[in-house]
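# A closer look at the structure
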Amino acid sequence: MTLAGIIAILLFLGLIIGDWYQFTTLKSWACRYGCPLAHRRNALDSHPAHALSHAFYKSGALPLPHGIARWVEDQQVIVIRPYYQLFSLSFRTAWPLKGTIDVNSDGDRLLLHLSKRIPWSSAILTLLWLAFVIGGTFTFAVLFILDGGLSTVGGFFWVIGITALGLLVLAGGLILLSFAYRLEDSRLMQVYQELLDVLTSPPITNSDNSTNP
């Protein structure tokens, strides 16, 4: 029984590690991996012809001040994510965000459709936790009432106390989720804005300023 529990824990950890690896990698086969949360659209009018061909290196990667972008040409997708430094002093949450940008051409414009994504393990575990807190609190209250718990004053206050505790835990979790999303979203959008600045910057041309004697 103990061995089965250890194997289950190792398998669970392996699934989470594999999920985060597929999420953080910028390989073409995993560019759309992750649970989509929000979307944003932009249209670029400045220098659309050179924007993608000149912005990225031959490897398709584009280092940015606070993150990295990769152009997947065969799928017409740009993947962006903030830098993940192992020994960084910046606070990291369990809900990191990356962006998948679908690129389309509309005449002389580039249409960008940004999808913000989090790891599937983070999304699933968060939903399970919310279901556990809400379902556990509601189930306890209903079963306690059906067993005659409200027949006494003490039982009445007991139900009120457990329900209030469940709501307090739920509120604390929602506040934590809101804080984490705002923090990670600000990091992602910083990288996204840096990418837009590169794509809308004028092309660099070499000019011969030498004069003939």
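This one's a predicted model, so the numbers in the text were calculated from it and none came from an experiment. (Residues numbered from 1 in each chain as written. Predicted model: local features only at pLDDT ≥ 70, side-chain atom pairs only at ≥ 80, totals over all residues. Heavy atoms only, no water.)

### Considerations on the environment of tyrosine 192
Operational definition: Every helix listed is a DSSP run of H or I at least four residues long, and every strand listed is a run of E at least two residues long, numbered separately from the N terminus. Exposed residues in this analysis have more than 50% of their type's maximum accessible area, buried residues have under 20%, and partly exposed residues fall in between, with area computed by a 1.4 Å probe over protein chains only. Should any heavy atoms of two residues lie within 4.5 Å, those residues are counted as being in contact. Pairs of N or O atoms within 3.5 Å make up the polar contacts considered here, provided that, within protein, one atom can donate a hydrogen while the other can accept it, and that residues adjacent in sequence are counted only when both atoms are side-chain atoms.
Relative to the assigned elements, tyrosine 192 resides in helix H4 (residues 153-200). What makes tyrosine 192 buried here is its relative accessible area of 1%. Here the alpha-carbon distance between tyrosine 192 and histidine 66, two residues 126 residues apart in the chain, equals 9.7 Å. Aside from chain neighbours lying at most four places away, what touches tyrosine 192 is Arg40, Asn42, Ile80, Ile101, Leu112 and Leu114. Polar side-chain contacts of tyrosine 192 include one of 2.7 Å to the side chain of asparagine 42.

### As for the pattern of salt bridges
Should their charged atoms come close, side chains of opposite charge can pair. Quick reminder of the rule: Note on definitions: salt bridges are taken to be side-chain nitrogens of Lys or Arg within 4 Å of carboxyl oxygens of Asp or Glu.
Inspection of the entire model under this criterion finds three salt bridges. The shortest N-O distance in the salt bridge between arginine 32 and aspartate 102 comes to 2.8 Å. Taken together, the residues arginine 32 in the loop between helix H1 (2-24) and strand S1 (35-44) and aspartate 102 in strand S5 (residues 98-106) connect sequence positions 70 residues apart. For arginine 32, a relative accessible area of 35% translates into the label partly exposed. Residue class for aspartate 102 comes out buried when judged on its relative accessible area of 18%. Residues arginine 187 and glutamate 184 are paired through a salt bridge, measuring 3.4 Å at the closest nitrogen-oxygen approach. Here arginine 187 pairs with glutamate 184, and both are found in helix H4, just three residues apart, close to one helical turn. We classify arginine 187 as buried; its relative accessible area is 14%. Judged by relative accessible area, glutamate 184 falls into the buried class, the value being 1%.

### Topic: the side chain of arginine 117
In plain terms, the rule: For the charge count, each Lys or Arg is scored as positive and each Asp or Glu as negative, with His and the chain ends excluded.
With respect to the element layout, arginine 117 can be found in strand S6 (residues 109-118). Of the side chains bearing the opposite charge, aspartate 102 lies closest to the buried arginine 117, which forms no salt bridge; the N-O distance is 5.8 Å. Once you skip the residues sitting within four places of it in the chain, arginine 117 turns out to touch Phe23, Arg32, Tyr33, Gly34, Cys35, Pro36, Pro96, Leu97, Lys98 and Thr100.

### A closer look at the sheet that holds strand S2 (residues 61-64)
Applicable threshold: Being paired, for any two strands, means DSSP has found at least two bridges between them. For every element, the axis is a line fit to its C-alpha atoms; helices are fit only across the contacting stretch, and the angle between N-to-C directions ranges from 0 to 180 degrees.
With antiparallel pairing, the six strands of this open sheet are ordered in space as S1-S6-S5-S4-S3-S2. The strands lining the two open edges of the sheet, one partner per strand, are S1 and S2. Shown here is a sheet whose adjacent strand axes are inclined to one another by a mean of 20 degrees, direction ignored. Across four bridges, strand S4 (residues 77-82) lies against S5 in antiparallel orientation. Following the sheet pairing, isoleucine 78 is matched in S5 by isoleucine 101.

### Considerations on the nonpolar core
Grouped burial of nonpolar side chains is what soluble globular proteins tend to show. For clarity, the cut-off: Working definition of a nonpolar core: buried Ala, Val, Leu, Ile, Met, Phe, Trp, Tyr and Cys residues. They are joined through side-chain atoms within 4.5 Å.
Of all hydrophobic cores here, the largest spans 26 residues; its most connected members are Phe56, Ile78, Ile80, Ile101 and Leu195. Among the elements of the structure, S1, helix H2 (48-55), S2, strand S3 (67-72), S4, S5, S6 and H4 are those that each provide at least two residues to this core. In terms of residues, this core owes the most to one element, H4, which gives seven residues. Among residues more than four places away in sequence, those in contact with isoleucine 80 are Ile68, Ala69, Lys98, Gly99, Ile101, Leu114, Leu188, Val191, Tyr192 and Leu195. Among the nonpolar cores identified, the runner-up in size contains six residues, and Leu26, Val72, Val77 and Val79 belong to it.

### Topic: the pairing of S3
Along a regular strand, successive side chains alternate from one face of the sheet to the other. With five of its six residues buried, S3 lies for the most part within the structure. Relative to S3, S2 runs antiparallel, the two being bridged by four bridges. Its bridge partner lying in S3, alanine 61 is registered against arginine 70. Between the end of S2 and the start of S3, which pair antiparallel, lie two residues.

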